[in-house]
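# Residue-level structural notes
The residues making up each chain are set out below.
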Amino acid sequence: MLRFILHKIGLLIPTFIGVSIIAFAFIRLLPGDPITLLAGERGVSAERYAELQSAFGFDQPLVIQYIHYLGDILQGDFGTSFVTKRPVLDEFLTLFPATLELSICAILLATLIGIPAGVMAAVKRGSFFDQSIMGVALIGYSMPIFWWGLLLIILFSGVLQWTPVSGRISLLFYFPQVTGFMLIDSLLSGQPGAFRSAVSHLILPTIVLATIPLAVIARQTRSAMLEVLSEDYVRTARSKGLAPRRVIGLHALRNALIPVVTTIGLQVGVLLAGAILTETIFSWPGIGKWMVDSVFKRDYAVVQGGLLLIAGMIMLVNLAVDLIYGLINPRIRR
Amino acid sequence: MRNFRRLLASTMLLSVIAAGAHAKTLVYCSEGSPEGFDPALYTSGTTFDAASKTVYNRLVEFKIGTTETQPGLAESFEVSEDGKEYTFKLRPGVKFHSTDFFTPSRDLNADDVIFSFERQLDAENPFNQYVEGASWEYFNGMSMPDLIESIEKVDDMTVKFKLTRAEAPFVANLAMDFASIVSKEYADKLAEAGNESDLNQKPIGTGPFQFVAYQPDAVIRYKANPDYWNGKEKIDDLVFAITTDASVRQQKLMAGECHVIPYPNPADVASLKEDESITVMEQEGLNVGYLAYNTKVAPFDDAKVRKALNMAINKEAILDAVFQGAAQIAKNPIPPTMWSYNESVEDDAYDPEAAKKALEEAGVSDLSMKVWAMPVQRPYNPNARRMAELIQEDFSKVGVDVEIVSYEWGEYLEKSKAEDRDGAVLLGWTGDNGDPDNFLAVLLGCDAVGGSNRAQWCNDEFNALITKAKVGTQEERAKLYEEAQVVFKREAPWATIAHSVVYMPMSDKVSGYKMDPLGGHWFTGVDISE
């Protein structure tokens, strides 16, 4: 098992370097540079432009810039935002807990509903229940997130007034950040009603962000279950007279879960992409919105630093998935 | 554990007490996060709303709701005979904010004023590079380094600015956000502790509101400055709830989660106006959207051709289709809310037949040209592509063939500066300081050719007028600018298209809000009923 883990970690290093090159090159391939964009209609004189270029090191050859950048990163320095003049890592660490909290809630919701729904659809294959579950999943998968989010806000916050429109907690509550996770911080604050307010603010964004992963997980579970249910050992277990619940829960589901766990891991990337739109609609102070703004402003340091940190997260999640995979299926460890 | 419980109980009690007291809180759903809280470092209006208009004051202030200036931290000032020396007398007894992170030991004095400018002017100043990459963009953009020769402390309460040339707009510049006065005592204390960057994160000023806390992308909290020199504000707490999406801002206003929202979707304004609990204020923005011909390239070097094309543009149709009515037709290069706006100038009336004839008379036939459409939304032009298409259609009616081109925004700004540029370019401008010089010299002066003068237009008569208008009283200057607008209309380097209208929806509980023609959002003098 140790060798398996070390091997997986060893693979991360070249991937990380590859990502750093892509992140570095990507934002520079876009036309337009931050200095011109920052100046806007006003414009800058040629001298001032040259001055700023050299101040930010943009006048050096790209290779040299990249080497400096890589060197800084190895020392834990992700650079300073061109726009806000704050260290990229500080900004990331301030905003990331919000994205993480929302993503965890969304993936939990997607898994807790998606797997049972998929299993039931597979067991009752072809039934009305199966068809409606898969129909809803298809709609969920195809729904434009932005539109879906606004629709929910108009219905639940506007017409019914059940949930707040946006934000993480009611503005009445004010307490210092401890963990950055609003659910935990609101409990720690001890203010009555704070936790409830935090939960009510989480409901709509969680539903919106969970929609696509939920659809994917339900479909994946269903097809994996169908495959497993037709296997010989399931038939054998059934013919032995085991209770259907035991056959499905113990024999079939455990094996069907392997591709599902992979799917859930892959959804992390999808979640971060979805978070960009979800965060924008619900004024959720996470990294999604932060990244989009920086791309528009050509804030090189933030885009490349942010991409690298997000890619790092996804790699870690994938590593975790690989390890869980190894636990579920001992054959893979070799 | 027992201690923790006790703490829990006492905080619960405290919050109950706090909820019992009737603090007046105004919630403003702002459109974005501030980049920081030192306004001199940045150029965006969002940052200025959050920093300079709440926390800080300037030597001279704009009278809110106008583009005129009034005394601020300086009680009065004197200008020397030659217009090159400005001596400011500071207001006595002005207190900097006392907060949990700073307690001032003295009132505002000349050192604070000098420090506020020196850090931007002098590369050797310890606070010149207190954050990485500080470039003092606005200070440089307004040519302050070339303009200011020196800043001197005459005595503790008197500061003298010596200029390299006479320049009347200088006073309006001092009312701009970058000229906010920061506390030198606070900066020194931060430097001692090695926390210089806090000057940009935890601001201390003299303004009507003091900073309490900021959670990035979520919320900014302020409370009224109890010692404000102009009297404590009527509201006790001011909250900026950052809400980037316009539809969501509207929902929050209707749900009572915020009291004032900026920048509604133009399409939603009608439904907001129908809501009885909501008031929608409106005002022309201090902006102009235009189509700039390249006056250096034939046949557009001929004013007759430009005039003819101007007559071919149906501006009413553009107002409806592009601005959804939220604009007014522009006839002058400066907006009507600005002093010296020449009411008597007559716009080129829409008349395709006359336009066709005028083109023939100018000897132009089978003309084909490019029209540049910006790739981004701006207040002065919410949809440049659509505008270009309408102009294309209008021009085709007078026999002019138009090809629409566009580039990425940064490239667009760069390429449109070229003196040999092929085509007329759609662009616009939002004023900085309410001074006509900030439109006419920046956009149409000879010095700006090859830069922000996209028409590449250098007219001796016009340029002499605006140069002369750089000195003198406002009355004298206004006369010269009015004349300059006549020359502009006669020569037609642009087709002036529109001044957009800005809407401010707010709860009917809010009173005393004044819209700022300069585009800022101020909460000075605002009240809210229970």
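The structure displayed is predicted, hence computed values, not measured ones. (Residues numbered from 1 in each chain as written. Chains lettered and ligands numbered in written order. Predicted model: local features only at pLDDT ≥ 70, side-chain atom pairs only at ≥ 80, totals over all residues.)

## Topic: the overall build of chain A
Helix and strand counts for chain A stand at 13 helices and 0 strands. Counting from the amino terminus, helix and strand elements in chain A follow one another as α-α-α-α-α-α-α-α-α-α-α-α-α. The principal-axis extent of the C-alpha atoms belonging to chain A is close to 85 × 55 × 40 Å. A total of 334 residues make up chain A; the buried ones form 38% of that total. At a minimum sequence separation of 6, the contacts of chain A that also span at least 24 residues come to 74%. (Helix = DSSP H or I, 4+ residues; strand = E, 2+ residues; numbered from the N terminus. Buried ≥ 20, exposed ≤ 12 C-beta atoms within 10 Å, placed from the backbone. Contact = placed C-beta atoms within 7 Å.)

## Comments concerning the overall build of chain B
Within chain B one finds 18 helices and 19 strands. Relative to the 2.2 N^0.38 estimate, which gives 24 Å for 530 residues, the radius of gyration of chain B is 25 Å and therefore close to what a compact globule would have. With respect to the three principal axes, the spread of C-alpha positions in chain B is 90 × 55 × 40 Å. Taken across its 530 residues, chain B has 48% of its residues classed as buried. In chain B, 71% of the contacts between residues at least 6 apart in sequence involve partners at least 24 apart. (Rg over C-alpha atoms; globule rule 2.2 N^0.38 Å.)

## Concerning the sheet that holds strand β7 (residues 158-163) of chain B
Residues and elements named next belong to chain B. An order of β4-β5-β7-β6 is seen for the 4 strands of this open sheet, with the pairing classed as antiparallel. The open sheet terminates on both sides in strands that have one partner only, identified here as β4 (74-79) and β6 (148-155). Sheet twist, expressed as the mean angle between neighbouring strand axes with direction ignored, is 20°. In the sheet, strand β5 (residues 85-90) pairs with β7 via 5 bridges, with the strands oriented antiparallel. (Pairing = 2+ DSSP bridges. Axes fitted to C-alpha atoms, helices over the stretch in contact; angles between N-to-C directions.)

## Quick look at the UniProt feature "domain: Solute-binding protein family" (unreviewed entry) in chain B
Per the UniProt record, "domain: Solute-binding protein family" (unreviewed entry) is annotated on residues 69-448 of chain B. The span residues 69-448 of chain B is 30% helix and 21% strand, and its two end C-alpha atoms sit 26 Å from each other. (UniProt positions renumbered as here; feature names shortened; annotations may be inferred.)

## Examining the UniProt feature "transmembrane region" (unreviewed entry) in chain A
Residues and elements named next belong to chain A. As recorded in UniProt, the feature "transmembrane region" (unreviewed entry) lies at residues 9-30, 100-123, 135-160, 198-218, 256-282 and 302-328. Taken as a whole, residues 198-218 contains 100% helix and 0% strand, while its terminal C-alpha atoms sit 28 Å from one another. The span residues 302-328 carries 100% helix and 0% strand; its end-to-end C-alpha distance comes to 38 Å.

## A word on the interface of chain B and chain A
The partner chain A presents 42 residues to the 48 residues of chain B that form the contact. When contributions to the side of chain B that touches chain A are tallied by element, the ones reaching two or more residues are α1 (2-20), α4 (137-141), β9 (219-224), β10 (237-241), α9 (246-254), α15 (409-415) and β16 (424-430) of chain B. For the side of chain B that touches chain A, the residue count by class is 19 nonpolar, 17 polar and 12 charged. (Nonpolar A, V, L, I, M, F, W, Y, C, P; charged D, E, K, R; others polar.)

## Comments concerning the environment of Ala308(B)
Checked against the element boundaries, Ala308(B) lands in helix α11 (residues 303-312). Measuring from C-alpha to C-alpha, the distance between Ala308(B) and Ser416(B) comes to 23 Å, with 108 residues separating the pair along the chain.

## Let's talk about the environment of Met315(A)
Residue and element names in this part refer to chain A. For Met315, the position within the fold is in helix α13 (residues 300-328). Remark: the alpha-carbon pair of Met315 and Thr280, spanning 35 residues in sequence, is separated by 25 Å. Those residues in contact with Met315, other than ones at most four positions away along the chain, are Leu12, Thr15 and Phe16.

## What about the environment of Glu353(B)?
If you trace the backbone, Glu353(B) turns up in helix α13 (residues 352-361). Counting along the chain gives 96 residues from Glu353(B) to Val449(B), while the straight-line C-alpha distance between them is 33 Å.

## Regarding the pairing of β7(B)
Residue and element names in this part refer to chain B. Because side chains alternate across β7, one face comprises the buried residues Val159, Phe161 and Leu163, and the other comprises Thr158, Lys160 and Lys162, none of which is buried. Alignment of β6 against β7, held across 6 bridges, turns out to be antiparallel. By the bridge assignment, Ile148 is partnered in β7 with Leu163.

## Things to note about the sheet that holds β9(B)
All names here are of chain B. Reading across the sheet, the 4 strands line up as β1-β10-β9-β8 and stay open at both edges, with mixed pairing between neighbours. Each edge of the sheet is formed by a strand with only one pairing partner; in this case those strands are β1 (25-28) and β8 (209-215). Strand-to-strand twist across the sheet, computed as the mean angle between neighbouring axes with direction ignored, equals 20°.

## Quick word on the nonpolar core
With 143 residues, the main nonpolar core has Tyr28(B), Leu59(B), Leu291(B), Ala292(B), Leu426(B) and Leu440(B) as its most contacted residues. Of all the elements, strand β17 (residues 494-507) of chain B adds the most residues to this core, at 8 residues. The residues contacting Leu440(B), other than those within four sequence positions of it, are Pro333(B), Ile334(B), Gly445(B), Ile466(B), Tyr481(B) and Ala484(B). In this structure, Phe82(A), Leu102(A), Ile264(A) and Trp284(A) belong to the second largest nonpolar core, which totals 67 residues. (Core = buried A, V, L, I, M, F, W, Y, C linked by C-beta atoms within 7 Å.)

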